[in-house]
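Geometric and topological summary
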Amino acid sequence: MVNIGLVVLFFGTFIFILFRKVDGAGVVQTPQAKEIALVVLGIFFLLVIVCQLVVYLVIHNRKE
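Quantities reported herein were computed from a predicted structural model and do not represent experimental measurements.

Here's the deal with the overall build of the protein
Tallying secondary structure elements over the protein gives two helices and zero strands in all. In terms of overall size, the protein is more extended than a compact globule, its C-alpha atoms giving a radius of gyration of 16 Å where 64 residues would be expected to give roughly 11 Å. In terms of overall dimensions, the protein has a C-alpha envelope of 55 × 20 × 15 Å along the principal axes. Buried residues in the protein amount to 11% of all 64 residues. With an accessible surface of roughly 5,400 Å², the protein has 77% of that area assigned to carbon and sulfur atoms.

A look at the packing of helix H1 (residues 2-19) against helix H2 (residues 31-63)
Interhelical geometry of H1 versus H2 gives an angle of 170° and a closest axis separation of 10 Å. Considered as vectors, H1 and H2 are oriented roughly antiparallel to each other. Every residue of H2 that contacts H1 at Val2, Asn3, Leu6, Leu9, Phe10, Thr13, Phe14, Ile17 and Leu18 is listed here: Lys34, Ala37, Leu38, Leu41, Phe45, Val48 and Gln52.

Structural notes on the environment of Phe16
Mapped onto the fold, Phe16 is located in helix H1. On the basis of relative accessible area, Phe16 is assigned to the exposed category, the value being 51%.

Quick look at a nonpolar patch on the surface
Nonpolar side chains collect at one region of the surface, where Leu46, Val50, Val54 and Val58 lie side by side and expose about 340 Å² of accessible area between them. By the secondary structure assignment, Val54 is in helix H2. Residue Val54 is classed as partly exposed on the basis of its relative accessible area of 47%.

A word on the packing of aromatic side chains
On inspection of all chains with the given rule, the structure shows four aromatic pairs. Between Phe10 and Phe11 the ring centres are 5.4 Å apart and the planes differ by 70°, which places this aromatic pair in the edge-to-face class. The interplanar angle of 80° and the centroid separation of 5.0 Å between the aromatic rings of Phe10 and Phe45 together place this pair among those described as edge-to-face. Taken as a pair, Phe10 in helix H1 and Phe45 in helix H2 lie far apart in primary sequence, 35 residues in all. Taking the relative accessible area as the measure of exposure, Phe10 reaches 23% and is therefore partly exposed.

Observations concerning the environment of Met1
With respect to the helices, strands and loops of the structure, Met1 is situated in the segment before H1. Since its relative accessible area comes to 85%, Met1 is described here as exposed. Sequence separation of Met1 and Ile15 is 14 residues, and the distance between their C-alpha atoms is 21 Å.

Conventions adopted
Residues numbered from 1 in each chain as written. Predicted model: local features only at pLDDT ≥ 70, side-chain atom pairs only at ≥ 80, totals over all residues. Heavy atoms only, no water. Helix = DSSP H or I, 4+ residues; strand = E, 2+ residues; numbered from the N terminus. Rg over C-alpha atoms; globule rule 2.2 N^0.38 Å. Buried < 20%, exposed > 50% of the residue type's maximum accessible area, 1.4 Å probe, protein only. Areas by Shrake-Rupley, 256 points an atom, 1.4 Å probe, with all protein chains shown as cover. Axes fitted to C-alpha atoms, helices over the stretch in contact; angles between N-to-C directions. Parallel < 35°, antiparallel > 145°, perpendicular 65-115°, else oblique. Contact = heavy atoms within 4.5 Å. Patch = residues over 30% accessible without salt bridge, like charges linked within 9 Å, V, L, I, M, F, W, Y side chains within 5 Å. Salt bridge = Lys/Arg side-chain N within 4 Å of Asp/Glu carboxyl O. Phe/Tyr/Trp six-rings, centres within 6.5 Å; stacked < 30°, edge-to-face > 60°.

In structure tokens:
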């Protein structure tokens, strides 16, 4: 359930970044600014996935 929620959050944020005209500070979003925001989003979710895998492996190895 948590992973489904993370996927929905990821795609919702992805679509939001692609379609927004200005950011919270009022800066007009250029394609380069959108690209940077998407890279930051990808790195964040990659970090979340790595943390989940580490926790999974720790829990899985303790059961054996």
